[in-house]
Amino acid sequence: MFSVDVLIVMPHPDDAEFGAAGTVAHWTKEGKKVVYLVCTNGDKGTSNRSLSSERLAAIREREQRAAAELLGVEKVIFLGYPDQTLEDTPSFRKEIVRYIRRYRPKIVVTSDPYRRYIWHRDHRVTGQVTLDAVFPYARDHLAYPDLMEEGLEPHNVEEIWFWGSEDVNHRCNITDTFALKLAALRCHESQLKEIGMPNLEERLKSRAREMAEGQDFELAEAFHRERIAW
Ligand SMILES: [Zn+2]
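On a predicted model such as this, the values are computed, not experimentally measured, just so you know.

Below, the discussion takes up the side chain of Ser111. Its place among the elements puts Ser111 in strand S4 (residues 107-111). In this structure the side chain of Ser111 is engaged in a polar contact, spanning 3.1 Å, whose partner is the backbone oxygen of His123. In this structure, Ser111 is in contact with Val9, Pro11, Trp119, His123, Gly127, Phe162 and Trp163, ignoring residues within four places of it in sequence.

Now the structure itself:
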């Protein structure tokens, strides 16, 4: 049966680059297959009043594809929900289960749902729904008999990793892939304009340095990593 090594479930175009691009670049260099699942089209991420949601969504899709290509990501799937509309619903959960069962990843990476206070609602919802989809919905054959009929057999994900976590227990060395992370982020030109980061490289580097604190390497991406004991 077809399977990939890593499925990244992100709320908006650009989230995976901020959270995990250095780690993704390592995985793809090692020959691992990585697939991106982008939940929303990011169509509200602008302060430019003359830019329509449709145009912005098209721009962000193009930017996301360019970033993924640079990182060696195998495939990018857009679920196309409007920005800021994700909810923890049975249909959204089932959709994530569908892709987990189709791509059968060893590792799923997503946004930490338990970050406190200021955290985009789409980030919270995506993390929670993905965690629930991984366990127990993707695993249990009785969860979705209709998916079984479509040939989507249950699947046990081995690990789930969260970026944006306040409870970090795993740090990946991205010293060698930092330049690629930066280049991938620069593909998201429409968003960098919004955030107004003229000194993107410096800010990213100091953040990556903080994440590597106490390690014997310079730059890191930090995650909460859960191994799933079935
Ligand atoms: Zn986001």
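Structure's up, so let's keep going.
Quick look at the pairing of strand S7 (residues 220-227) now. Moving residue by residue along a regular strand, the side chains alternate between the two faces of the sheet. When you tally the buried positions in S7, you get six out of eight residues, the bulk of the element. Where strand S6 (residues 170-173) and S7 come together, four bridges link them in antiparallel fashion. Paired with Arg171 across the strands is Ala222, a residue of S7.

It is worth spelling out the layout of surface pockets at this point. Sizing a probe to match a water molecule and rolling it over the atoms shows the empty space that remains. One number sums up the size of the largest pocket: a volume of about 860 Å³. Lining the largest pocket are 32 residues, and of these Asp15, Phe18, Gly19, Trp119 and His123 lie nearest its centre. Contributing elements (two or more residues each) for the lining of the largest pocket: helix H1 (15-29), helix H6 (178-186), helix H7 (189-195), helix H8 (200-211) and S7. Among the elements that make up the lining of the largest pocket, the one with the highest residue count is H8 (five residues). Considering only residue class, the lining of the largest pocket consists of 13 nonpolar, nine polar and ten charged.

One full turn of an α-helix is made of 3.6 residues, so residues set three or four places apart face in the same direction. Compared with an ideal rise of 1.5 Å per residue, which puts 19 residues at 27 Å, helix H2 (residues 53-71) spans 27 Å between its outermost C-alpha atoms and is within 8% of the ideal. Residues of H2 that are buried make contact with strand S1 (6-10), H1, strand S2 (34-40), strand S3 (75-81), H6 and H7. After H2 finishes, the residue Gly72 shows a positive phi value of roughly 80°.

A sheet is described by the order of its strands in space; here seven strands give the open sequence S3-S2-S1-S4-S5-S7-S6, paired in mixed fashion. In the strand order of this sheet, the two ends are held by S3 and S6, each with one partner. Each adjacent strand pair in this sheet contributes to an overall mean axis angle of 25°, direction not counted. Packing against the sheet, H8 makes contact with S6 and S7, and its axis sits at approximately 45° to S7.

On to the coordination of the zinc ion, then. Within the protein, the zinc ion binds to His12 (ND1), Asp15 (OD), Asp15 (OD) and His123 (NE2); these donor distances fall in the range 2.0 to 2.5 Å. Classification of the site at the zinc ion rests on its four donor atoms, whose angles at the metal span 56 to 135°, yielding the label irregular. Of note, the zinc ion draws all its donor residues from one chain, in the sequence arrangement H-x2-D-x107-H. Within this pair, whereas Asp15 is found in helix H1, its partner His123 is found in helix H4 (residues 121-137), the two being separated by 108 residues in sequence. Note on His123: relative accessible area 10%, which makes it buried.

This paragraph deals with the environment of Ala138. With respect to the element layout, Ala138 can be found in the loop between H4 and helix H5 (145-149). A C-alpha to C-alpha distance of 10 Å links Ala138 and Arg102, two positions 36 residues apart in sequence. Beyond its immediate stretch of four places on either side in the chain, Ala138 contacts Val97, Ile100, Arg101, Ala133, Pro154 and His155.

Quick notes on the rules
Residues numbered from 1 in each chain as written. Predicted model: local features only at pLDDT ≥ 70, side-chain atom pairs only at ≥ 80, totals over all residues. Heavy atoms only, no water. Helix = DSSP H or I, 4+ residues; strand = E, 2+ residues; numbered from the N terminus. Polar contact = N/O pair within 3.5 Å; in protein donor to acceptor, adjacent residues only side chain to side chain. Contact = heavy atoms within 4.5 Å. Buried < 20%, exposed > 50% of the residue type's maximum accessible area, 1.4 Å probe, protein only. Pairing = 2+ DSSP bridges. 1 Å grid on protein atoms, 1.4 Å probe; cavity = no way out; pocket = protein on both sides within 12 Å on 5 of 7 lines; lining within 4 Å. Points joined across faces, edges and corners; volume = space filled by probe spheres on them. Nonpolar A, V, L, I, M, F, W, Y, C, P; charged D, E, K, R; others polar. Expected span 1.5 Å × (residues − 1). Axes fitted to C-alpha atoms, helices over the stretch in contact; angles between N-to-C directions. Donors = N, O, S within 2.8 Å, 3.2 Å for Na, K, Ca; no water. Tetrahedral: all angles 85-135°; square planar, octahedral: opposite > 155°, others 65-115°.

That is the geometry; function is a separate question.
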